[in-house]
Amino acid sequence: MEHRGFVTESAVGRDVVLALNGTWFGEGLPPETQQRLATMGQVRRVPLSTEILREGEIAESLGLLLSGRVALRMLVPERGMVTILTVEPGDVIGWSAIVPPHRATSTVVAIEDAEILELSGERLRAALRADPILAATVYPRVLQAVSRRLSETRLQLLDLFAREAIVGDGLRAW
Amino acid sequence: MTSATQPRADGAARSARPDQPDARFLARADLGALIDALRAEGRRVIGPVRRDGAIVLGEVAAADDLPAGWGAEAAPGRYRLIRRGDERVFEHNAGPTSWKAWTFPASAPLTRVAAAEGETTYEPAGTDIRPLAFLGVRACEVAAILVQDRVLLGGPYVDEDYQARRGSAFIVAVQCTSAASTCFCASMGTGPEVGPGADLVMTELDDGFVVERASAAGRRLLDRLPTRPATEEAIADAMTAVGGARATMAGQPGVQIVGLKDRLLARLDDPRWALVAERCLACANCTSVCPTCFCTSVLQRSELVGTASGSTRTWDSCFNPGFARVAGGNFRSRTRDRYRQWLTHKFATWVDQFGTFGCVGCGRCIAWCPVGIDVREELLAIAPPIAPSVLRPSPAPIAPTPQEFGTARVTATRHETRDVVTLVLGDLEPALLMTKPGQFVMLTLPAFPRLPISVSRTRSDGIELTIRSVGPATDALTRLKPGELVGIRGPLGTGWPIDAAVGRDVVVVTGGIGLAPLRPLVDAVLADRSRFGAFRIYYGARTPGDMLYRDELASWMASADVDLHLSVDRADESWLGPVGVVTHLFDKASWDGSKSSAFVCGPERMMQATATALFDRGFHGDRVYVTLERHMECGIGLCGHCQMGRYFVCKDGPVFTLAQLGDIFGREGI
């Protein structure tokens with residue numbers, strides 16, 4: 001993952017397996033899978049306002065947010081940066097790292113000081129290609145993360161709070 | 001024999017029995033005729049007798065055996081006979097024995113085992129008893145007999161010995177005309193008026209007894225007694241006397257049974273269990289004197305020659321050290337665990353098992369506890385009832401017809417967002433000042449349709465309504481100025497059942513203007529904060545600028561009493577809080593929904609998504625409350641607009657549990 005801004009490069013002395021278990025993504029994965037992932041990962045501290053990923057650029061790592069909050073933003077001409085979604089601890093950042101064409105679908109910015117467990121996209125992709133058992137274990141979690149985001153986005157798309165139900169002969173507050 | 005009632009969950013007063021027109025009067029001098037008639041049927045008559053410094057239950061051969069002129073005083077750890085200045089025979093309350101000594105004796109033979117010529121046989125010991133008659137069974141004790149009926153006869157397997165004894169018993173009940181300091185039948189809903197289960201019901205006066213039949217057998221017996229019609233005066237005296245016992249109990253501690261089961265089970269870790277265990281001797285007196293305790297053990301006795309043995313059922317007690325012992329350990333080795341087992345069984349788990357409380361309020365366990373432990377006091381400390389601010393009766397609405405409307409005056413207005421206004425209404429009928437959280441009112445302005453509007457706060461001097469301008473009528477309402485009048489009917493509908501959440505974690509999930517009907521619930525929980533577990537609020541809005549009550553949100557955010565989470569559907573860079581649907585905030589949370597009650601309000605599609613996320617968190621449908629919005633013209637169940645399946649949302653709701661709604665919730669076109 002390419003970092004901009006004030007990134008602390010040094011890994012925090014934390015057991016990566018423990019960190020994995022602190023996320024719904026990694027919790028409950030078989031111990032051997034966690035061990036494999038741990039060899040590819042490190043924990044990074046990301047200060048507030050850091051741009052972690054930019055829309056359209058290559059996502060170099062699959063991130064699991066351990067603490068803090070990051071915003072997924074898209075630039076809309078004449079409206080500026082719009083926050084599409086925020087990611088809370090436990091969730092995935094940069095799933096594009098293992099899904100072709102590996103380009104980020106939004107810009108990711110830390111809106112609080114954050115800790116991220118980063119798994120190297122290159123090594124993870126190679127491992128998933130070479131090891132069907134690992135792939136069968138990890139991909140469902142990735143799919144779950146992506147489908148969760150998809151279904152929530154659909155609810156957002158409904159814009160439920162924008163208008164009220166039309167009932168009877170007029171509009172009513174619910 | 002009936003097992004249909006007792007103790008009543010509502011604790012409601014029932015009318016004193018002697019209001020029946022065919023009540024009879026039995027002169028005191030003719031009481032012996034009643035005993036003779038029962039004995040003539042071949043029955044052993046059991047009634048109160050004075051023995052060993054107490055009024056106990058024993059065999060009665062004649063009226064002279066009854067404790068004429070004796071009464072008893074009872075208090076925690078104390079029981080004393082007193083000499084009265086009259087000749088009354090039933091003017092005392094529950095003594096140390098109860099009728100279970102005859103229906104369910106402390107010791108009863110079960111099985112005979114014989115071994116001969118290589119064969120071992122098991123034979124039921126059988127029950128060979130004379131029919132029984134119980135004379136002077138108090139209301140709480142009739143209730144206790146029905147409780148034991150449920151336990152020993154109401155399931156798929158019955159206790160045959162109990163069945164035989166109980167089935168033979170003719171019950172002459174007596175309504176109490178005084179109450180000891182230990183009595184609390186009124187709060188348990190079992191007395192002092194005698195409910196179903198008796199054959200005859202008597203109320204004692206100075207010169208005799210008002211007697212009523214309460215069964216066909218009771219009528220047949222009564223017909224053979226030398227009675228005359230009870231005068232209106234005697235009936236009135238009897239009712240007044242029973243009312244006096246009720247009044248005495250109203251002035252002394254009782255048990256608040258509403259919500260008790262849930263409150264108690266939420267307190268399994270209360271430090272009070274250890275405190276009461278410091279006093280409790282685990283002597284089992286309470287279970288011995290309790291008229292409903294039914295636990296037994298089986299004793300085996302062998303003859304010395306070794307060819308025959310017999311087993312005997314004996315009363316046991318959950319306080320006895322070996323009660324929960326197994327090879328290798330004891331599940332309840334500590335007194336605190338045993339006391340907790342007893343109290344939570346009587347007042348909570350019994351309800352799940354048998355549909356009633358296991359306590360009838362006789363007070364025996366209080367009087368006969370050697371150290372004076374009072375269950376009423378322990379329950380109050382461990383599972384306190386909810387404060388009146390939370391639990392109060394539903395007020396009757398003002399203007400409860402389709403034609404009528406009252407008026408209210410706007411005393412203040414406040415802009416919440418660009419299209420949402422909060423109106424403060426004053427000059428209200430008192431009923432509106434008693435609006436419960438979750439209730440609504442119908443509002444009307446001349447020439448506009450009538451609208452249901454949730455009450456967003458109940459104040460001492462008025463109510464608040466938070467209204468979003470979405471059409472001509474709501475637009476007119478949001479433009480009202482202080483001093484103007486509005487037509488009003490209410491309060492209407494069910495409220496949030498906050499009492500059912502006492503002792504549990506509370507989760508509020510809401511979106512947009514849905515926070516308005518939930519704000520009174522937040523007020524109520526914060527006003528009684530210690531009665532609830534963790535309090536989590538998840539509030540979603542379209543944009544940060546669409547959030548209601550922003551000052552209050554800020555204070556809740558800063559408060560340690562609430563765990564508030566805000567989310568918006570869209571935001572610019574200045575918003576650093578969460579963006580996304582509100583369920584995004586808790587669908588992967590770690591807290592345990594099985595210990596929580598959830599209150600949800602928002603667009604139905606949002607509530608559906610919330611329900612799914614809550615079920616994933618371990619919630620049960622009967623612990624998730626939603627409030628529904630429907631077209632309403634009247635608000636009182638007459639116009640038919642708000643029908644949803646078998647409900648009218650206005651009067652059966654608007655608050656429902658998801659379990660109530662079942663699969664009609666969120667279904668298209670219902």
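1. Observations regarding the overall build of chain B
Looking only at helices and strands, chain B features 20 helices and 30 strands. Classification of the 670 residues of chain B by burial places 49% in the buried group.

2. Regarding the nonpolar core
Soluble globular proteins: nonpolar side chains tend toward being buried together. Grouped together as the largest cluster of nonpolar side chains are 123 residues, with contacts concentrated most on V70 of chain A together with V508, L521, A598, V600, V624 and V626 of chain B. Sequence-distant contacts of V508 of chain B, defined by excluding residues within four places in its chain, comprise L518, L521, V522, I537, Y538 and F599 of chain B. By size, the runner-up hydrophobic cluster in this structure holds 105 residues, among which are A54, A179, A186 and L379 of chain B.

3. Concerning the sheet that holds strand β14 (residues 308-315) of chain B
All names here are of chain B. With antiparallel pairing, four strands are arranged side by side in an open sheet as β7-β6-β14-β13. Looking along the sheet, the strands with just one partner apiece sit at the ends: β7 (119-124) and β13 (296-302). Each strand of the sheet is rotated relative to its neighbour by a mean of 20°, with strand direction disregarded.

4. Things to note about unusual backbone geometry
A cis amide bond, omega 5°, links P100 of chain A with the succeeding residue P101 of chain A. Within the secondary structure, P101 of chain A is located in the loop between β6 (92-93) and β7 (107-110). The linkage connecting G653 of chain B with the following residue, P654 of chain B, adopts the cis geometry, with an omega of 10°. Topologically, P654 of chain B is positioned in the loop between α19 (649-652) and β30 (655-657). For D52 of chain B, which is not glycine, the phi torsion reads 55° and is therefore positive. Turning to its location among the elements, D52 of chain B is positioned in the loop between β2 (44-51) and β3 (54-59).

5. Overview of the packing of helix α9 (residues 272-279) of chain B against helix α11 (residues 335-354) of chain B
Residues and elements named next belong to chain B. At a closest axis distance of 8 Å, the pairing of α9 and α11 adopts a crossing angle of 105°. Judged by the angle between their axes, α9 and α11 are roughly perpendicular. For the pair α9 and α11, contact is made by W273, A274, V276 and A277 and by T335, R336, Y339 and R340, respectively. For the contact of α9 with α11, the residue count by class is five nonpolar, one polar and two charged.

6. Remarks on the confidence of the model for chain B
Model confidence for chain B is summarised by a mean pLDDT of 90, while 96% of its residues fall at 70 or above. Ignoring residues within four places in sequence, the model shows residues 1-19 of chain B, a span with pLDDT below 50, making 59 contacts including any to other chains.

7. Focus: the interface of chain A and chain B
Contacts between the two partners involve 31 residues from chain A and, on the opposite side, 34 residues from chain B. The set of elements that each furnish at least two residues to the side of chain A that touches chain B consists of β5 (80-87), α4 (132-158) and β10 (170-171) of chain A. Ranked by the residues each element gives to the side of chain A that touches chain B, the list is headed by β5 of chain A, at seven residues. Of the residues belonging to the side of chain A that touches chain B, the class tally is 17 nonpolar, seven polar and seven charged.

8. Considering helix α13 (residues 375-382) of chain B
All names here are of chain B. Residues of α13 that are buried: V375, L379 and I382. When α13 is viewed along its axis, its buried side chains cluster within an angular range of 75° and face the same direction. Residues of α13 that are buried in the fold lie against α8 (260-265), α9, α11 and α12 (364-367).

9. Here's the deal with the sheet that holds strand β27 (residues 624-627) of chain B
Residue and element names in this part refer to chain B. Strand order in the open sheet formed by six strands is β25-β24-β23-β26-β27-β30, and the pairing between neighbours is mixed. Either end of the sheet is taken by a strand with one partner, and the two such strands are β25 (563-568) and β30. Here the strands of the sheet are splayed against their neighbours by 15° on average, with no regard to which way each runs.

Conventions used here
- Residues numbered from 1 in each chain as written.
- Chains lettered and ligands numbered in written order.
- Predicted model: local features only at pLDDT ≥ 70, side-chain atom pairs only at ≥ 80, totals over all residues.
- Helix = DSSP H or I, 4+ residues; strand = E, 2+ residues; numbered from the N terminus.
- Buried ≥ 20, exposed ≤ 12 C-beta atoms within 10 Å, placed from the backbone.
- Core = buried A, V, L, I, M, F, W, Y, C linked by C-beta atoms within 7 Å.
- Contact = placed C-beta atoms within 7 Å.
- Pairing = 2+ DSSP bridges.
- Axes fitted to C-alpha atoms, helices over the stretch in contact; angles between N-to-C directions.
- Parallel < 35°, antiparallel > 145°, perpendicular 65-115°, else oblique.
- Nonpolar A, V, L, I, M, F, W, Y, C, P; charged D, E, K, R; others polar.
- pLDDT = per-residue confidence, 0-100.
- Arc of directions from axis to C-beta.

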